[in-house]
Amino acid sequence: MSGSPAKRVPYREAAREHHDAIHYLFCENFDQPMRPGRSPRSLPGSKMTPRDTSSRDDPQAYDSGCFMRTENIKFETGGFRRSFVFFAIAPVLGLVFCSGCGQDESSDSRHSTYSVPVASARPEKQTPSATAAVWEPAPSDQSGESQGTVPIKWPKLPSPLTGDWMKEQGHHVADELAQKFPNDVYAQHVHAQVYRLSGDTEEALKIWHHCLELKKDFLPAYEEIVQILVRRGDHAQAEKMARQGLAFHPRAVSLRNLLASILLEQGRLDEVITTVLAGRALGTESPEGLFLAAQAYQRKQQHDRAREVLEEAVRLRPEFTQAHYALAVSLARLGDQAGAQRHREIFQKLKERDQQANAAILRVESDEFVRRTVAGIFQQAGVIFSNHGLPERAEECWLMGAALSPKDVVCRQALVVLYQQQRRPAAGLAIVEELVGLEPRNPSHRVAEGVFYLQIQNFEKAIDSFKQALALDPKMDAAYAGLAQAYLQKKENLEEARRLAETAVQLSPQPDYFVVLAVASAELGDWEQARRNVEKALTINPSHDLARKLARFLQHGI
Amino acid sequence: MEFNCLSFASIDICRLRWFNGIAIVVVVFWFFVLAEDPKAKEPARLVFRNVTQQSGVNFRHTHGGCGKYYIVETVTAGLCLFDYDGDGDDDIYFLNGAPLAGCPQQEKTTNKLFRNDGGLHFTDVTAQAGVGDTGYGLGVVAGDYNNDGFLDLFVNNYGRNVLYRNNKDGTFSDVTVEAGVDNGSRVGAGALFLDIDADGWLDLYVGNYIVFDESKHVFHQLTGIPVYGSPEEYPPDKDTLFKNNGDGTFRDVTEISGIGRVAGTSMGMVAGDFDNDGDTDIFVGNDVRANFLFVNDGKGYFTESALERGVAYNGYGDENASMGVDCGDYDNDGWLDLFMSDYQNEWPVLYKNTGNGFFEDVTFSTGAGGRAYPYVNWGVGLVDFDNDGDKDIFIGNGHINDRIGEIDDTTAYRVANAVLRNDGGKFVDVSATAGDLPNLVKSTRGVAFADLDLDGRVDVVILNSQDTADILRNVTDTDNHWIQIDLRQTGKNCFGVGSRVKVVAGELVQYDEVHAGRGYQSHWGLRLHFGLGSHDRVDRLEVHWHGGGHDIIENIPADQIITVSPGGRWSRSRIPGH
């Protein structure tokens, strides 16, 4: 920071003098959930963009081959994986059409975090950005009510809830998207999904091909097209499309595995191995791919090689049911009967578990699959509306998705981000309460809860929430930063606040946390430290609003 | 040799000798080098003609439902080809459904027996024969349980099963109760006659599908379209094994035989000697569960060993729908292989017997799945349609749900059946050029195979759900030779069920076994059929009689049906009109 330092007064005194300004500038920016290690585009206030897989072929981007992945919201819940093998090779339960897919059902993951908040509203009506005042009581709380939750306006669902009705709703929103955003490839992608849900794969294929005209490297379209062609038995065309897709996305694990399975089922064993090994060379190894290679080796009677890759597969995924079966086969052929028996027993135990899980799915209502799929459609629709500057419509979609799927996490997370940005803590708290119920061990929900409590200035509860987050994950940087903020706003435990902020910075040296540390330092009168931390924030992100404001304050007292 | 001057007027002796020498060389060269391997000639095009209309077979199947979508509607029914009147040709017995709970009684529906009058003409003799069971037919098997030389019938129903004893005069008597094979009111499946302990009396294996009755039914819909429930919604049921007492009665040995140690969701099944140890084992396909392979210790005690032997699941380790199953030696290596049909988006499975009753899924490397992937498959058969000496594959297709097209356009309720030609261990889907086959688009269930017109080519009989049956005459144009063999004994296991036959014709060596009960809950094949390619005789015929005895017969002319009896005696059964 250049220029003469501001008058050296403790931050607290400055705050008394510039109470509104300082706290407004500082606290209003820390109502956003903290996200470690995110790219700049994921910072508060930035527009959420679809993942550009052409520039960054992330092997995890399209795992599991599920039709209903959300591209725009990268919610990394741990339960969002599906075995490719289940989807591609064992469609007994219609898993190719993803029974249960489409929604990131509660998995009690500790790893779901909140991604980019929704895009700001239409330009002519700027929603307060990250700098929106946390001290400002939420409009609904002007009456002074700062605790508790208020009901959310959930959509009215018919009773009984029929698959027909849900499908119709899915069609309505997909048609709306396709009409309003004809050149938005994601809107078309959603449109195609609805047709597929209705069993009209012919129309779905046409739309996905149209997606490729809009964006020739659109990976989801390749995957969907290949899967439909396989279902139809058109393996030649499926192979062709898979290869085209892989030319653009050589690191796409799911597509590579799809191609390998197509080749295997045509008896082209050497090509299966080549395909899988090519993925390995790119660093995109997957247990499913290794399993497919093992299948090829077994059919070539190369059981020693099959064993090698299968052992790697179960090392990567110890509960890979089919891999244990295959390993038992190869070990038996290699004469290791004891080993074969061991893996058979593991296989049988895992099989029982799988069958129980499948039976649980079957016990629910018949249209369960439709319900979760349509919920996924609304989830995606919300993201698209949001990206096009229609947050109200986005909210309606996410509420519908959440209503359709009581165990949904993704739509609820999207709503939390929206409510945080829109500073609607009461609504946010209602949703967070549900998320905590669904994933009680997910610390991110506690952090979000804490942020909302900060917004309504319920610091006791905010502190409690952040502490609960830390109890669940002692390395959760966002929780450290949030707790520091709460102490700072509550004006107590300032030393502790600084220590917490330091921990947050150590865990994840990002601008937000440097600013928290700077404020804590300023509160304790350590102006030099305050300035140094602000400088660090600005070094990482020179356009960090809050850091710049704080820098001006530290320099000029404003 | 001398080369005299060329002359076209006369031929010099020397030139003639020279010419003869060259001719001999040419002939020898052709014989050893240029002559085609008889087996390697261009394969015949498999062709089938639909002769139903002129055949007199007017059977129409019903599943007895009325929009409630009971699960049992999906699994009816199998059919039986057997020579009930002993006149040398196979007759046809179709199973039928019956009205289910809550469904109004429409016209009376019964099983139907059509007598083969020759020349592909059939007469409905149901009433005279007394086999018009009105129960809910699922599976059927024929066998001479009382060793009187006439084939009896067992019908496995949803509800009360029926054992029809052949009265030897063209009629049958219902002896279910007196025989002790009633089995309660269960959901049946396939059934088998087999001699589990080689005592000469055929025992009875009765498959049971699920524990179900209409009161337990839950109506399902998917986006407003009714769908059938899954078998996983119901408890599995144990199969039943009845031991023949030798006096016209049976006793239930399910538990003491080891069969009762497991419960499954039986559908298609077949018995055979899969480990070549001289006794009969049992393979049972279970719907969306692990299949069973009951290995016989020779004394009638069975150990379920499917997982260890590689037939519980497909090659991926996944359970399949396991609808129909047939066994046969598709690669002529002396070990019985298995071919099993499956559900939509599952491949049928060809299990190659790698020796000693251990199996490997070779579907992909042999092409045995054909184009079956998008469809639900049912009746299957490993049958030599072109008489080239190896087993081809027939697959009956058709979805369970008549409204599936409204939910999923990648499959269909009515689908053409498929035939895959065996080209030296690799299968080629030749359905599209198989005559009338691609034009028959129905929802098939049971399929059975026999040379109905005794022309040396195996024909096909198809039971279609909620539709008319079809008779396909095999009119494959081929010069290949063949032989058909009836095994006959007196006083015990009269039709040689479980006996193994080896046929050697030149370099062609084939094996087959007499099975009672196979395919999709059906029965055919007490008469063994062997294609011989270009060989016009059987050099060597070996019979390993079930229960003991080994006969060798040599130098049998091809293109006939023969009857073989213990002691190496054989006789010509009939001169074909081909």
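On a predicted model such as this, the values are computed, not experimentally measured, just so you know. (Residues numbered from 1 in each chain as written. Chains lettered and ligands numbered in written order. Predicted model: local features only at pLDDT ≥ 70, side-chain atom pairs only at ≥ 80, totals over all residues. Heavy atoms only, no water.)

Here we look at the overall build of chain A
Assigned secondary structure in chain A consists of 25 helices and zero strands. Evaluated residue by residue, chain A yields a buried proportion of 61% over its 558 residues. Element-wise, carbon and sulfur atoms account for 51% of the exposed surface of chain A, whose accessible area totals about 21,200 Å². (Helix = DSSP H or I, 4+ residues; strand = E, 2+ residues; numbered from the N terminus. Buried < 20%, exposed > 50% of the residue type's maximum accessible area, 1.4 Å probe, protein only. Areas by Shrake-Rupley, 256 points an atom, 1.4 Å probe, with all protein chains shown as cover.)

Details of the state of the cysteines
A covalent bond bridging the sulfur atoms of two cysteines is what the word disulfide describes. What the rule picks out here adds up to one disulfide over all chains. Of all cysteine sulfurs in the structure, the one in B:Cys80 sits closest to B:Cys327, which takes part in no disulfide; the separation is 16 Å. (Disulfide = S-S within 2.5 Å.)

Let's talk about the sheet that holds strand S27 (residues 418-423) of chain B
Residue and element names in this part refer to chain B. Pairing is antiparallel across the open sheet formed by four strands, whose spatial order is S24-S25-S27-S28. Each edge of the open sheet is held by one strand with a lone partner, namely strand S24 (377-383) and strand S28 (426-429). Sheet twist, expressed as the mean angle between neighbouring strand axes with direction ignored, is 20°. Here strand S25 (residues 392-397) runs beside S27; their pairing, made up of three bridges, is antiparallel. The residue bridging isoleucine 393 from the neighbouring strand is leucine 420, located in S27. (Pairing = 2+ DSSP bridges. Axes fitted to C-alpha atoms, helices over the stretch in contact; angles between N-to-C directions.)

Overview of helix H13 (residues 321-333) of chain A
All names here are of chain A. Between its first and last C-alpha, H13 extends 19 Å over 13 residues, near the 18 Å set by a 1.5 Å rise per residue. H13 sits mainly inside the fold: 10 of its 13 residues count as buried. Buried within H13 are the following residues: Thr321, Gln322, Ala323, His324, Tyr325, Ala326, Leu327, Ala328, Ser330 and Leu331. At the C-terminal side of H13, glycine 335 shows a positive phi close to 90°. (Expected span 1.5 Å × (residues − 1).)

Let's talk about the pairing of strand S23 (residues 358-361) of chain B
All names here are of chain B. Of the pairings in the sheet, the one linking strand S22 (residues 349-355) to S23 comprises four bridges and is antiparallel in character. Counted as the bridge partner of glycine 355 is phenylalanine 358 from S23. Linking S22 to S23, which pair antiparallel, is a turn of two residues; within it asparagine 356 sits at a positive phi near 60°.

What about helix H12 (residues 303-316) of chain A?
All names here are of chain A. Taking 1.5 Å per residue, 14 residues should reach 20 Å; H12 reaches 20 Å between its end C-alpha atoms and fits that length. His303, Ala306, Val309, Leu310, Glu312, Ala313 and Val314 are the residues of H12 that are buried. Where the residues of H12 are buried, they touch helix H10 (269-281), helix H11 (287-299) and H13. (Contact = heavy atoms within 4.5 Å.)

With respect to unusual backbone geometry
For residues other than glycine, phi is negative in most cases, and the peptide bonds are mostly trans. With an omega of 0°, the peptide bond between A:Ser159 and A:Pro160 qualifies as cis. Each neighbour pair has its own omega, and for B:Thr76 with B:Ala77 the value is 5°, a cis peptide bond. Its location among the elements puts B:Ala77 in the loop between helix H2 (52-55) and strand S2 (79-82). Despite not being glycine, A:Gln301 shows a phi value in the positive range, around 65°. A relative accessible area of 38% means that A:Gln301 is categorised as partly exposed. Here B:Asn147, not a glycine, exhibits a phi torsion of approximately 55°, which is positive. Structurally, B:Asn147 can be placed in the loop between strand S6 (136-143) and strand S7 (152-159). A relative accessible area of 10% places B:Asn147 in the buried class.

Digging into the packing of helix H16 (residues 391-404) of chain A against helix H17 (residues 410-422) of chain A
All names here are of chain A. It is the contact of H16 with H17, at a shortest axis distance of 9 Å, that shows an interaxial angle of 145°. Where H16 crosses over H17, the handedness of that crossing is left-handed. Taking contact as the criterion, the partners of Pro391, Glu395, Trp398, Leu399, Gly401 and Ala402 in H16 are, on H17, Cys411, Arg412, Ala414, Leu415, Leu418, Tyr419 and Gln422. Here the residues of the contact of H16 with H17 sort into nine nonpolar, two polar and two charged. (Left-handed = near helix turned anticlockwise from the far one by under 90°. Nonpolar A, V, L, I, M, F, W, Y, C, P; charged D, E, K, R; others polar.)

Quick word on the domain arrangement of chain A
Looking at the assigned domains, one finds that chain A contains domain 1 (163-371) and domain 2 (475-482 + 491-557). Domain 1 of chain A and domain 2 of chain A are separated by 46 Å when their C-alpha centres are compared. (Domains from an automatic or database assignment.)

A few points about the interface of chain A and chain B
Facing the 43 residues of chain A at the interface are 32 residues of chain B. In total, about 3,400 Å² of surface goes out of reach between chain A and chain B, with carbon and sulfur atoms giving 51% of it. In this structure, the salt-bridge partner of B:Glu360 is A:Arg333, at a minimum N-O distance of 3.4 Å. At the boundary of chain A with chain B, the tally comes to 16 residue pairs in polar contact (both at pLDDT 80 or more). The element that contributes the greatest number of residues to the side of chain A that touches chain B is helix H14 (residues 337-363) of chain A, accounting for six residues. Residues belonging to the side of chain A that touches chain B are distributed by class as follows: 16 nonpolar, 15 polar and 12 charged. (Buried area = accessible area lost by both parts, 1.4 Å probe. Salt bridge = Lys/Arg side-chain N within 4 Å of Asp/Glu carboxyl O. Polar contact = N/O pair within 3.5 Å; in protein donor to acceptor, adjacent residues only side chain to side chain.)

Description of the sheet that holds S23(B)
Residue and element names in this part refer to chain B. Here four strands make up an open sheet; going across it, the order is S20-S21-S22-S23 and the pairing antiparallel. Across the chains shown, the open sheet's two edge strands, defined by having one partner strand only, are strand S20 (325-328) and S23. Mean inter-strand twist for the sheet, computed between neighbouring axes without regard to direction, equals 25°.

Quick look at the pattern of salt bridges
For the structure on display, the rule yields 60 salt bridges over all chains. Put simply, A:Asp217 and A:Lys215 hold a salt bridge, and the shortest N to O gap is 3.1 Å. Residue classification places A:Asp217 among the buried positions, given a relative accessible area of 12%. In this structure A:Lys215 comes out as partly exposed when scored by relative accessible area, which is 26%. Here B:Asp237 and B:Arg186 are joined by a salt bridge, their closest N and O atoms 3.0 Å apart. Residue B:Asp237 is found in the loop between strand S13 (225-227) and strand S14 (240-244), and its partner B:Arg186 is found in strand S10 (residues 186-194); the two are separated by 51 residues along the sequence. The class of B:Asp237 is buried, set by a relative accessible area of 12%. Here the residues in one salt-bridge network are A:Glu176, A:Lys180, A:Arg393 and A:Glu396, joined through shared partners.

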